[in-house]
Amino acid sequence: PGSLLGVKQGKSGETWVATSTSIQIFDRVQKTFSTPDLFLSRKISPQSFDIDTEGRIYIGLNDGLAIYNHETGEFWETRFQNDQAPSGARVVDILASEESALILISGQGIYKLDASDSNLPLESVFTLPETAGADVYSMSATETEIWVATLNAGIFVFDRHDQSARQITSGPNAGDRK
């Protein structure tokens, strides 16, 4: 049940499926879904998810973030402090890598999370005044840029080096708005 958020492959080749009400593993042999016990005992409402190269599952929540290590059973959860995000802010998208993750928070910006620190500290990478009023949807990143797609204001491209931003609102022949 719930809206489909995504399907990702875990470190050991297992298939994870996230919906707005749960996270499950798909057993390819028996062709069945199962929910890890940890998620049965916790009421979480995922907003987004990703899996890093170490197999940790990052789960974006309303007002916070959780990380689950399926191999060890470890689970960390953090709620945003008032100085990090306003009440009701949600994690819209996550791009997980080996030791960190980029977190897109509605109405706030893009943050880097240090997954090696159990306190789960967030470091601001970009605030998003350019996207004020925009319904941010997802992001993609390269070494030099972070792209943020919106449902109502086009695409914003943030340069990681000079902290500049540009907005793309139409096709390739129309040009970018600075």
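Residues numbered from 1 in each chain as written. Predicted model: local features only at pLDDT ≥ 70, side-chain atom pairs only at ≥ 80, totals over all residues. Heavy atoms only, no water.

1. Considering the overall build of the chain
And step 1. Looking only at helices and strands, the chain has one helix and 16 strands in total.
And step 2. Of all 178 residues assigned to the chain, the portion counted as buried reaches 43%.
And step 3. Partitioning the contacts of the chain with sequence separation of at least 6, the portion at a separation of at least 24 is 34%.
And step 4. For the chain, the exposed area adds up to about 9,700 Å²; of that, 46% sits on carbon and sulfur atoms. (Helix = DSSP H or I, 4+ residues; strand = E, 2+ residues; numbered from the N terminus. Buried < 20%, exposed > 50% of the residue type's maximum accessible area, 1.4 Å probe, protein only. Contact = heavy atoms within 4.5 Å. Areas by Shrake-Rupley, 256 points an atom, 1.4 Å probe, with all protein chains shown as cover.)

2. Section: the environment of Ser140
And step 1. Mapped onto the secondary structure, Ser140 falls in strand β13 (residues 136–141).
And step 2. Counting along the chain gives 45 residues from Ser140 to Leu95, while the straight-line C-alpha distance between them is 7.5 Å.

3. Quick look at the sheet that holds strand β12 (residues 122–127)
Sheet strands pair via backbone hydrogen bonds, and the direction of the pair is either parallel or antiparallel.
And step 1. If you walk across this open sheet you meet the four strands as β9-β10-β11-β12, and the pairing is antiparallel. The strands lining the two open edges of the sheet, one partner per strand, are β9 (91–96) and β12. Neighbouring strand axes in the sheet, compared pairwise and without regard to direction, differ in orientation by 25 degrees on average.
And step 2. The sheet contact formed by strand β10 (residues 100–105) and strand β11 (residues 109–114) spans six bridges and is antiparallel. Note on β11: the bridge partner recorded for Ile103 is Tyr111. (Pairing = 2+ DSSP bridges. Axes fitted to C-alpha atoms, helices over the stretch in contact; angles between N-to-C directions.)

4. A look at a negative patch on the surface
And step 1. On the surface, Glu54, Glu71, Glu98, Glu99, Asp114 and Glu123 cluster together to form a negatively charged patch.
And step 2. Residue position: Glu99 is located in the loop between β9 and β10. (Patch = residues over 30% accessible without salt bridge, like charges linked within 9 Å, V, L, I, M, F, W, Y side chains within 5 Å. Salt bridge = Lys/Arg side-chain N within 4 Å of Asp/Glu carboxyl O. Lys, Arg positive; Asp, Glu negative; His and termini not counted. Charge placed at Lys NZ, Arg CZ, Asp CG, Glu CD.)

5. Re the sheet that holds strand β7 (residues 64–69)
And step 1. Here four strands make up an open sheet; going across it, the order is β5-β6-β7-β8 and the pairing antiparallel. Two strands close off the open sheet at either side, each with one partner strand: β5 (48–51) and β8 (75–79). Mean inter-strand twist for the sheet, computed between neighbouring axes without regard to direction, equals 15 degrees.
And step 2. Here β7 runs beside β8; their pairing, made up of five bridges, is antiparallel. Across the sheet, the residue bridging to Tyr68 is Phe75, located in β8.

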